Amino acid sequence: MEFDTILRGGRIAGREHELLDIGVHDGRIKAISPPDIITPDAARDVAIDGRLLIPGLVETHIHLDKSCISDRCTCHTGTLQEAIASVAAAKLGFTEDDIVARGRRTLEKAIVQGTTRMRAQVEIDPRIGLKGFRAVNRLKRDYAFAVDLEICVFPQEGLLNDPGCDQLLVEACEAGADLIGGCPYTDSDPHGQIGRIFELAERYDIDIDFHLDFDLDPTWMHLDEVCRQTGAHRWGGRVAIGHVTKLSALDPASLAAVGRRLADVGVAVTVLPSTDLFLMGRDFDHSVPRGVTPAHRLLDHGVICSLATNNVLNPFTPFGDGSLIRIANLYANIAQAGRPEELRACLDMVTTLPARLMNLTDYGIAIGNPADIVVLDCSSREAAVAELSQPLLALKRGRLSFSRPLATINWPAG
Ligand SMILES: [Zn+2]
């Protein structure tokens, strides 16, 4: 058999006990076998030296359109309300080229951190119009060599309270938006918005990804209405909800009940640790609650959970390097998830589980799948999270999309 690339002696995540060679041809994985059975006739022959191979990191929730604007915003309280208002003001000055330029910065960071699949959340409203949508579509096309990007359009500043917004969302769906989102907590009629988003999802046969329940008051939740509508529309497996920080304020029995309900109805959860930590609990001046939903506990009830980046360098999150390994480590640290099986679950929540959340059917290091393979500088899944292991290179559909050299220590002579 002929190969374009052979990766020799790697450990595939989930079967790290054995060293395997992977043969790639025509953008796909054509062979996986014990070392040296694949003969050396490939154009590129790469020694992996026992390092971990993953099918790329999967980012389910990132805002490319409003990234890298910390220098345009002045914030004082650090609350969610201030972040929304401050970005709404900055957004008035966005142009399509400006969004593309900032999006490039963020996307390139994510690529060199090993991300190969991505769901971008893009704001639609009568002020920004379809500028963000067009800009992120350009990014989707320009960076297709490294990342499969899908676009979720959503009304960040409300839908039913914002005349003209609905028409623009419809236009974006007509123009090929991959899915639709909502943000009921900013709407004057949250249940009305949830209903309308389901209506549009049905009309265009697309999945849904809500920003939801983004505070620490567990006495009421929009989650109830989302679960109800998911059941009523038979949209199970096609709905995700992001943040859901209210769940961090529940006792274990109540959390378990919500977890079972989410799993039964088929609603997935994305936790955004960096943003949630930064914005929640601002009314405390000491012993500030973490405000991060314990996703790894929801996994026990069969909920599909992902950990994601959300914002990069803006009032929602004035940090960010695009690294999902760092986000997994941050989550593990604040969720006190340090046992090997918990660390492995954290890696699952930036790889296989978000792939399921996004209903990707061709993800994974397996014969016949696209050759999307990222080499991490470690030899186990738990080490990847615990040690923030660096991605060294990525193949995207068999082509090298980035690489970085290993660091070397320069000892003094003698
Ligand atoms: Zn978001």
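Residues numbered from 1 in each chain as written. Predicted model: local features only at pLDDT ≥ 70, side-chain atom pairs only at ≥ 80, totals over all residues. Heavy atoms only, no water.

*Asks:* Is there a simple way to think about the coordination of the zinc ion in this case?
*Replies:* Reference geometry at the metal: tetrahedral coordination by four donors gives ideal angles of 109.5 degrees; octahedral coordination by six donors gives 90 or 180 degrees. Around the zinc ion, the protein contributes the donor atoms H61 (NE2), H63 (NE2), H211 (NE2) and N310 (OD1), at 2.0 to 2.2 Å from the metal centre. One can describe the site at the zinc ion as irregular: its four donor atoms subtend angles covering 86 to 173° at the metal. One chain supplies every donor to the zinc ion, and in sequence these donors are spaced H-x1-H-x147-H-x98-N. Within this pair, whereas H211 is found in strand β10 (residues 207-212), its partner N310 is found in the loop between β13 (305-307) and α10 (324-334), the two being separated by 99 residues in sequence. The exposure class of H211 is buried, given its relative accessible area of 2%. A relative accessible area of 1% places N310 in the buried class. (Donors = N, O, S within 2.8 Å, 3.2 Å for Na, K, Ca; no water. Tetrahedral: all angles 85-135°; square planar, octahedral: opposite > 155°, others 65-115°. Helix = DSSP H or I, 4+ residues; strand = E, 2+ residues; numbered from the N terminus. Buried < 20%, exposed > 50% of the residue type's maximum accessible area, 1.4 Å probe, protein only.)

*Asks:* How should I be thinking about the packing of helix α4 (residues 165-174) against helix α5 (residues 190-204) in this particular structure?
*Replies:* When two helices pack together, you describe them by how their axes are tilted relative to each other and by the distance separating the axes. Viewed as axis vectors pointing N to C, α4 and α5 meet at an angle of 25°, and their least axial separation amounts to 11 Å. As judged from the angle between their axes, α4 and α5 are roughly parallel. Crossing hand, α4 versus α5: right-handed. Residue-level inspection shows D166, L169, V170, C173 and E174 of α4 in contact with α5, the latter providing R196, I197, L200, R203 and Y204. A breakdown of the residues in the contact of α4 with α5 according to their chemical character gives six nonpolar, no polar and four charged. (Axes fitted to C-alpha atoms, helices over the stretch in contact; angles between N-to-C directions. Parallel < 35°, antiparallel > 145°, perpendicular 65-115°, else oblique. Left-handed = near helix turned anticlockwise from the far one by under 90°. Contact = heavy atoms within 4.5 Å. Nonpolar A, V, L, I, M, F, W, Y, C, P; charged D, E, K, R; others polar.)

*Asks:* Explain helix α1 (residues 80-91) to me, please; I cannot follow it from the model alone.
*Replies:* Spacing of three or four residues puts side chains on the same side of an α-helix, whose turn is 3.6 residues. Taking 1.5 Å per residue, 12 residues should reach 16 Å; α1 reaches 16 Å between its end C-alpha atoms and fits that length. Most of α1 sits out of view: nine of its 12 residues are buried. Buried positions along α1 lie against β7 (115-123) and α8 (273-279). (Expected span 1.5 Å × (residues − 1).)

*Asks:* Just to check I follow, could you spell out the side chain of Q113 for this structure?
*Replies:* Along the polypeptide, Q113 turns up in the loop between α2 (96-112) and β7. Setting aside anything within four residues of it in sequence, one finds Q113 in contact with L57, D321, G322, S323 and P391.

*Asks:* What should I look at first to understand the environment of L255 in this one?
*Replies:* Position of L255 relative to the elements: it lies in helix α7 (residues 252-265). Overall, L255 belongs to the buried group, its relative accessible area being 6%. Distance in space between the C-alpha atoms of L255 and I62 is 26 Å, their sequence separation being 193 residues. Beyond its immediate sequence surroundings of up to four residues, L255 is in contact with L247, L250, P294, R297 and L298.

*Asks:* Explain the packing of aromatic side chains to me, please; I cannot follow it from the model alone.
*Replies:* By convention here, two paired aromatic rings are described through the distance between centres and the angle between planes. Tallied over the entire structure, the rule returns four aromatic pairs. Centroid distance Y185 to F214: 6.1 Å. Interplanar angle 70°. Geometry classified as edge-to-face. Taken together, the residues span a long stretch of sequence, with Y185 in the loop between β9 (179-182) and α5 and F214 in the loop between β10 and α6 (223-232) at a distance of 29 residues. Relative to F319, the ring of F278 has its centre 5.5 Å away and its plane inclined at 90°; by these criteria the two rings are edge-to-face. Pair noted here: F278 is in helix α8 and F319 is in the loop between β13 and α10, with a separation of 41 residues, a long-range link. Stacked on the ring of W220, the Lys or Arg K246 has its end atom at 3.5 Å from the ring centre. It is R282 that lies over the ring of F278; its NZ or CZ is 4.6 Å from the centre. (Phe/Tyr/Trp six-rings, centres within 6.5 Å; stacked < 30°, edge-to-face > 60°. Lys NZ or Arg CZ within 6 Å of the ring centre and 35° of its normal.)

*Asks:* Is there a simple way to explain the pattern of salt bridges in this structure?
*Replies:* A side chain with one charge may pair with a side chain of the opposite charge, provided their charged atoms come close. Using the criterion set out here, one finds 39 salt bridges in the structure. With its nearest N and O atoms 2.8 Å apart, the salt bridge here joins R238 to D205. Taken as a pair, R238 in the loop between α6 and β11 (239-243) and D205 in the loop between α5 and β10 lie far apart in primary sequence, 33 residues in all. A relative accessible area of 23% means that R238 is categorised as partly exposed. In this structure, D207 and R238 form a salt bridge, with 2.5 Å as the shortest nitrogen-oxygen distance. With D207 in strand β10 and R238 in the loop between α6 and β11, this residue pair connects regions lying 31 residues apart in the sequence. On the basis of relative accessibility, which here comes to 13%, the residue D207 falls in the buried class. Salt bridges sharing partners connect three or more residues here, namely K66, K91, E123, D125, R127, E157 and D162. (Salt bridge = Lys/Arg side-chain N within 4 Å of Asp/Glu carboxyl O.)

*Asks:* Looking at this structure, how should I read the side chain of R196?
*Replies:* In this fold, R196 is placed in helix α5. By relative accessible area, R196 is classed as buried at 16%. In terms of polar contacts, R196 uses its side chain to reach the side chain of D166, at 2.7 Å. (Polar contact = N/O pair within 3.5 Å; in protein donor to acceptor, adjacent residues only side chain to side chain.)

*Asks:* Help me understand the packing of α5 against α6 in this model?
*Replies:* Running from N to C, α5 and α6 cross one another at 30°; their axes reach a closest spacing of 10 Å. Classed by the angle they form, the pair α5 and α6 counts as roughly parallel. The way α5 lies across α6 gives a crossing that is right-handed. Taken together, the residues of α6 that come into contact with α5 (itself represented by H191, I194, G195 and F198) are E225, V226, Q229 and T230. Residues that form the contact of α5 with α6 fall into these classes: three nonpolar, four polar and one charged.

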